[in-house]
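Residue-level listing of the chains:
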Amino acid sequence: MLKRLSTAPYLLWSFLLIVVPLVMVLGYSLIRTGPGGPEFSLNGFIKFTDPLYLKVLGLSVWIALQSTVLCLVIGYPLAMIMSGLKPSAQRTTMTMIVLPMWMNFLLRTYAWIPILGRNGLLNGLLATIGIPPLNLLFNEGAVLLGMVYNFLPFMVLPIFTVLIRMDRSVIEAAQDLGANRLHVFWRVTLPLSLPGVVSGVMMVFMPAVSTFVISDLLGGSQVNLVGNLIKDQFLSVYDWNFGASISVVLMALILVSMWILGKTDKNGSGVSFF
């Protein structure tokens, strides 16, 4: 009885902040206001099948996949280097990675505008060596850079956590059996670190595919992602039925991605490639 009472506040909190909003979004996606009042409708989902909106979804997924791959390519070696450092150096490096996250997400994204702008810091440096100004802002490249910058810690931290907890005796046994560094990494380290990789991929892909702040600030009107489309439906167009329908489709896409990655992980035990 006492155990149930102690968990009741958490269950209530989860119900109010998770279940209720999800039910509301699902309800808005299936119910629209008609001439005679609220009525069941799938028009929002049908409207989203328009090639124009599917193109926006495809672009969002493509940029999110690129940012996830880049975060993995950068984050995995960084996590490996950190795992081999002394504890004091690990804490210092971790602080340097996490430090930008102490700043507001909007502010640290906005900070890239004076860096990438036509009269910004990078173009100013290029001008000193005779290179004309480049269009570094308001394009897909700037949005991709903003995603990698903001979401890289979410890739590094779970991989680093798995690597520092790895049983070193397994690696030593592989080395004693004659495996070189490449074979040790490919056959031992990488399979055992896959739970961290899977977690990092999910933690990067999910916010990347649904973001709208980064594309608003660094993409301008040139890069319109599905997050911007949802935001506009709720705040500008006031078509909540269509906005909620897009949100449900996006949630389904994320859930399918998580299910696929969960199958890859095989209960968190790592996957052998051989």
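Reading the values: the criteria
- Residues numbered from 1 in each chain as written.
- Predicted model: local features only at pLDDT ≥ 70, side-chain atom pairs only at ≥ 80, totals over all residues.
- Heavy atoms only, no water.
- Helix = DSSP H or I, 4+ residues; strand = E, 2+ residues; numbered from the N terminus.
- Contact = heavy atoms within 4.5 Å.
- Areas by Shrake-Rupley, 256 points an atom, 1.4 Å probe, with all protein chains shown as cover.
- Lys, Arg positive; Asp, Glu negative; His and termini not counted.
- Charge placed at Lys NZ, Arg CZ, Asp CG, Glu CD.
- Salt bridge = Lys/Arg side-chain N within 4 Å of Asp/Glu carboxyl O.
- Buried < 20%, exposed > 50% of the residue type's maximum accessible area, 1.4 Å probe, protein only.
- Domains from an automatic or database assignment.
- Buried area = accessible area lost by both parts, 1.4 Å probe.
- Polar contact = N/O pair within 3.5 Å; in protein donor to acceptor, adjacent residues only side chain to side chain.
- Nonpolar A, V, L, I, M, F, W, Y, C, P; charged D, E, K, R; others polar.
- Pairing = 2+ DSSP bridges.
- Axes fitted to C-alpha atoms, helices over the stretch in contact; angles between N-to-C directions.
- Parallel < 35°, antiparallel > 145°, perpendicular 65-115°, else oblique.
- Left-handed = near helix turned anticlockwise from the far one by under 90°.
- Phe/Tyr/Trp six-rings, centres within 6.5 Å; stacked < 30°, edge-to-face > 60°.
- Lys NZ or Arg CZ within 6 Å of the ring centre and 35° of its normal.

1. Considerations on the overall build of the chain
Looking only at helices and strands, one finds 13 helices and two strands in the chain. Once the C-alpha set of the chain is aligned to its principal axes, its extents read approximately 75 × 70 × 40 Å. Counting only contacts in the chain whose residues sit at least 6 apart along the sequence, the fraction spanning at least 24 positions is 71%. Accessible area of the chain: about 16500 Å², with a carbon and sulfur share of 71%. Counting 16 positive and 10 negative side-chain charges, the chain places the averaged centre of each group 8 Å from the other.

2. Quick notes on the pattern of salt bridges
All told, the structure shown has three salt bridges when counted by the stated rule. Here K231 ties to D216 by a salt bridge, and the two come within 2.6 Å at their closest N and O atoms. In this pair, K231 sits in helix α12 (residues 226-237) while D216 sits in helix α11 (residues 213-219), placing the two residues 15 residues apart along the sequence. Its salt-bridge partner being K231, residue D232 comes within 3.9 Å of it at the nearest N-O pair. Overall, the relative accessible area of 27% leaves D232 in the partly exposed class. Each of D216, K231 and D232 takes part in salt bridges that share partners, so that together they form one network.

3. Here we look at the domain arrangement of the chain
Its domain assignment divides the chain into domain 1 (1-41) and domain 2 (54-264). Counting from both sides, the interface comprises nine residues of domain 1 and, opposite them, seven residues of domain 2. Carbon and sulfur atoms make up 74% of the surface buried where domain 1 meets domain 2, a total of about 590 Å² over both sides. For the domain 1 face of the interface with domain 2, the top three residues by lost area are V25, Y28 and S29, together amounting to 70%. Taken together, the links from domain 1 to domain 2 amount to zero salt bridges. For the interface between domain 1 and domain 2, the tally reads three residue pairs in polar contact (both at pLDDT 80 or more). When residues of the side of domain 1 that touches domain 2 are assigned to their parent elements, the largest contribution, six residues, is made by helix α1 (residues 2-30). Counted by class, the side of domain 1 that touches domain 2 contains six nonpolar, two polar and one charged residues.

4. What to know about the pairing of strand β1 (residues 31-34)
Bridge count between β1 and strand β2 (residues 37-40): four bridges; the pairing is antiparallel. Following the sheet pairing, T33 is matched in β2 by P38. From the end of β1 to the start of β2, which pair antiparallel, there are two residues.

5. A short note on the packing of helix α9 (residues 168-176) against helix α10 (residues 181-210)
Where α9 contacts α10, the axes come no closer than 10 Å and their chain directions differ by 165 degrees. What the angle tells us is that α9 and α10 run roughly antiparallel. Between α9 and α10 lies a crossing whose hand is right-handed. Each of V170, I171, A174 and Q175 in α9 lies in contact with α10, whose residues at this interface are V184, V188, T189 and L192.

6. Some remarks on the environment of F242
By the element assignment, F242 lies in helix α13 (residues 240-265). Residues F242 and L182, 60 residues apart in the sequence, show an inter-C-alpha distance of 51 Å. Non-local contacts of F242, meaning those with residues more than four positions away in its chain, are made with G44, K47, F48, Y53 and Q233.

7. A few points about the environment of P153
Position of P153 among the secondary structure elements: in helix α8 (residues 140-164). Taking the C-alpha atoms as reference points, P153 and V143, separated by 10 residues in sequence, lie 17 Å from one another.

8. Some points on the packing of aromatic side chains
Evaluated as defined, the whole model comprises eight aromatic pairs. Here the basic side chain of K47 rests over the ring of F242, its NZ or CZ set 4.5 Å away from the ring centre.

9. A few points about the side chain of Q233
Turning to its location among the elements, Q233 is positioned in helix α12. Residue Q233 is classed as buried on the basis of its relative accessible area of 6%. In contact with Q233, not counting residues within four places along its chain, are Y238, D239, W240, F242, G243 and I246.

10. Remarks on the side chain of S60
Topologically, S60 is positioned in helix α3 (residues 51-83). Note on S60: relative accessible area 0%, which makes it buried. A polar atom in the side chain of S60 sits 2.7 Å from the backbone nitrogen of V226.

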